[in-house]
Amino acid sequence: MGTLVRVVIETRERDRADHALRAAFGRVRELDAILSDYKPESELNRLCRAGRAQVSLDLFRNIEAAQSLAVGTNGAFDITIGDRTRSSTFRDLELDAKTRTVVLRKPNMKLDLGAIGKGYAGDEMLRVLRAHGCPHSMVALSGDVVVGEGGWAVRIEAAQQTLRLKNSAVSTAGDTGRRHIRDARTGQLVEQVWLVSVLARTGLEADGLDTALRIIGEEEGRKLAEARHVKAWFRRVA
């Protein structure tokens, strides 16, 4: 997924923790092979080449969540931004939940799950850790943090404060120097330099929303955060 992964486990049982850690990293490797837009043979890229496929539950969940955000932001958040020509939009994606089928209605569409997949990976790593008897765990993938039981000190970058959290997720998006986030409606880099942090129940939700809110701005972003029942912080840094 092109990022560093850090896991912290609180336990007195070293062997149990080692086994859980190996299983969790095995899971993230599985997800990398599914969600990566860098690996030519990832399931995501095979879908893009085929144009239509019955996909895994992991891939479908990510695309479905991304489509929900695309609708909620009127296309500002859009995983078809992988196609920089902007010849396609989220409306060119068709999902069938019953069969887990995804259809790309235009040729040569390119999907990019980079703004949502890391949060899902954090959720899945924590799920595996819990299943192996390590519920008091924290998983961090770049700016995405997912925590289980206990009281974890998590830095909320946009708020410039640290909160004690459990069974929740935090994700931060923004630019602290070079701009890199694009508005999918225009294909242009988002103006102004902001940090946006989101506290949600899951990493999947937090990871997608922080980018979405960063794109649509503070006024509309606060409305969307309230509608989604999450906590959001906005901070302009330049």
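Note that this is a predicted model, so its numbers are computed, not measured.

Caption draft 1: How the structure looks around the overall build of the protein. Of the regular secondary structure elements, the protein holds six helices and 13 strands. Out of the 238 residues in the protein, the part that is buried amounts to 50%. Counted over contacts in the protein with a minimum sequence separation of 6, partners at least 24 positions apart contribute 58%. For the protein, the exposed area adds up to about 11,900 Å²; of that, 47% sits on carbon and sulfur atoms.

Caption draft 2: Structural view of the sheet that holds strand E12 (residues 194–200). Sheet architecture is open: six strands sit in the order E1-E5-E6-E9-E12-E13, paired in antiparallel fashion. The strands lining the two open edges of the sheet, one partner per strand, are strand E1 (5–9) and strand E13 (231–236). Going from strand to strand, the sheet's axes swing by 10° on average, the running direction of each strand aside. As paired strands, E12 and E13 are joined by six bridges and run antiparallel to one another.

Caption draft 3: Region of the structure containing helix H1 (residues 14–35). A rise of 1.5 Å per residue sets the reference length of H1, with its 22 residues, at 32 Å; its end C-alpha atoms lie 31 Å apart and thus fit the reference within 8%. Along H1, the residues classified as buried are Ala17, Ala20, Ala24, Arg27, Val28, Leu31, Asp32, Ile34 and Leu35. Along the axis of H1, the buried positions cluster into a sector of 160°, meaning they face one direction only. Of the exposed residues in H1, those oriented more than 90 degrees away from the buried face are Asp15, Arg22 and Arg29.

Caption draft 4: Seen up close, the nonpolar core. Membership of the largest hydrophobic core comes to 53 residues, with the highest contact counts inside it found for Leu59, Ile63, Leu111, Val198 and Leu213. Excluding its chain neighbours within four sequence positions, the residues that come into contact with Val198 are Ala169, Val170, Ser171, Ala206, Leu209, Asp210, Leu213, Val230, Lys231 and Ala232. In this structure, Val154, Leu165, Val170 and Leu199 belong to the second largest nonpolar core, which totals 13 residues.

Caption draft 5: Up close: the environment of Arg100. Locating Arg100 in the fold gives a position in the loop between strand E3 (93–96) and strand E4 (101–104). By relative accessible area, which is 33% here, Arg100 ends up partly exposed. It is 6.3 Å that separates the C-alpha atoms of Arg100 and Phe60, two residues lying 40 residues apart in sequence. Apart from residues lying up to four places away in sequence, Arg100 is in contact with Ala53, Gln54, Val55, Ser56, Leu57 and Phe60.

Caption draft 6: Layout of the pattern of salt bridges. Counted by the stated rule, this structure contains twelve salt bridges. For Arg16, the salt bridge is made with Glu13, and the minimal N-O distance between the two is 3.2 Å. For Glu13, a relative accessible area of 42% puts it in the partly exposed group. The closest approach of N and O atoms between Asp18 and Arg14, which form a salt bridge, is 3.3 Å. Placement of both Asp18 and Arg14 in helix H1 is noted, with a separation of four residues, approximately one turn of the helix. In this structure Asp18 comes out as partly exposed when scored by relative accessible area, which is 27%. Relative accessible area serves as the criterion here: at 63%, Arg14 is assigned to the exposed category.

Caption draft 7: Local environment of the side chain of Asp92. Relative to the elements of secondary structure, Asp92 occurs in the loop between helix H3 (57–72) and E3. Among the residues examined, Asp92 registers a relative accessible area of 13% and is labelled buried. Beyond its immediate sequence surroundings of up to four residues, Asp92 is in contact with Ser87, Val103, Leu104, Arg105, Lys106 and Met109.

Criteria and cut-off values
Sequence order as written defines residue numbering, which begins from 1 separately in each chain. Local features are withheld for residues below a pLDDT of 70 in this predicted model, meaning they are given only at 70 or higher, and side-chain atom pairs are given and counted only at 80 or more; totals for whole chains, interfaces and linings count all residues. Values reported for side chains reflect all heavy atoms of the structure, with hydrogen atoms and water molecules removed beforehand. Counting from the N terminus, the helices are the DSSP runs of H or I reaching at least four residues and the strands are the DSSP runs of E reaching at least two. Relative accessibility under 20% of the residue-type maximum defines a buried residue, over 50% an exposed one, and the middle range a partly exposed one, all with a 1.4 Å probe and only protein chains included. The contact criterion used is simple: two residues touch if any of their non-hydrogen atoms lie within 4.5 Å. Where accessible areas are quoted, they stem from the Shrake-Rupley method and a 1.4 Å probe; at the residue level, only the protein chains shown are allowed to cover. Two strands are counted as paired when DSSP detects at least two bridges linking them. Axis definition: a line fit to C-alpha positions, over the contact stretch in the case of helices; interaxial angles, taken between N-to-C directions, run 0 to 180 degrees. Multiplying 1.5 Å by the residue count of a helix minus one yields the expected span of that helix. Think of it as the arc spanned by the lines of direction from the helix axis to the C-beta atoms. We define a nonpolar core as any set of buried Ala, Val, Leu, Ile, Met, Phe, Trp, Tyr and Cys residues linked to one another through side-chain atoms lying within 4.5 Å. Any carboxyl oxygen of Asp or Glu within 4 Å of a side-chain nitrogen of Lys or Arg constitutes a salt bridge here.

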